[in-house]
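# Understanding the architecture of this molecule
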Amino acid sequence: MAYAIDTAAATRRLIDAGLAAEAARAIVETVAESDADAATRGDLAASEKALKGDLAALRADLAASEKALKGDLAALRADLAAVKAVLTMRIVAAQVATATLLFAALKWFA
């Protein structure tokens, strides 16, 4: 569990209890660092959990976008097929009209 430590007061109490100053500082620093490490590990775990949630949400968004894109592509293909059919009919009609005119012209000049 993370908690704030008053390093100066803790060091002073250890020295007052008869511990050498350097040993007291080393103990207090070690405790403070291990507390900071525990807080960092907790923060990392929370960040990892949040990132996993974000990743799941992104995957869901990507799947929805993929589904929508597939639907849009299918609609576009259908529209293109309809346009192709109309253009083909117009080309055939123009060819028939041209052939009819040519045939009439050949009859007229013959």
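Quick look at the structure, then. (Residues numbered from 1 in each chain as written. Predicted model: local features only at pLDDT ≥ 70, side-chain atom pairs only at ≥ 80, totals over all residues. Heavy atoms only, no water.)

## Things to note about a nonpolar patch on the surface
A cluster of nonpolar residues, Ile5, Leu19, Ile27 and Val31, forms a patch on the protein surface that exposes about 260 Å² of accessible area. Along the chain, Leu19 falls in the loop between α1 (7-16) and α2 (21-109). Among the residues examined, Leu19 registers a relative accessible area of 33% and is labelled partly exposed. (Patch = residues over 30% accessible without salt bridge, like charges linked within 9 Å, V, L, I, M, F, W, Y side chains within 5 Å. Areas by Shrake-Rupley, 256 points an atom, 1.4 Å probe, with all protein chains shown as cover. Salt bridge = Lys/Arg side-chain N within 4 Å of Asp/Glu carboxyl O. Helix = DSSP H or I, 4+ residues; strand = E, 2+ residues; numbered from the N terminus. Buried < 20%, exposed > 50% of the residue type's maximum accessible area, 1.4 Å probe, protein only.)

## Regarding the side chain of Thr11
Tracing the sequence through the fold places Thr11 in helix α1. For Thr11, a relative accessible area of 12% gives the class buried. Polar contacts involving the side chain of Thr11 include one to the main-chain carbonyl oxygen of Thr7, which spans 2.7 Å. Other than its neighbours up to four places away in sequence, Thr11 contacts Ala24, Arg25 and Val28. (Polar contact = N/O pair within 3.5 Å; in protein donor to acceptor, adjacent residues only side chain to side chain. Contact = heavy atoms within 4.5 Å.)

## Observations concerning the packing of aromatic side chains
Tallied over the entire structure, the rule returns 1 aromatic pair. Here the aromatic rings of Trp108 and Phe109 are separated by 4.8 Å at their centres, their planes lie at 75 degrees, and the arrangement is edge-to-face. By relative accessible area, Trp108 is classed as exposed at 68%. (Phe/Tyr/Trp six-rings, centres within 6.5 Å; stacked < 30°, edge-to-face > 60°.)

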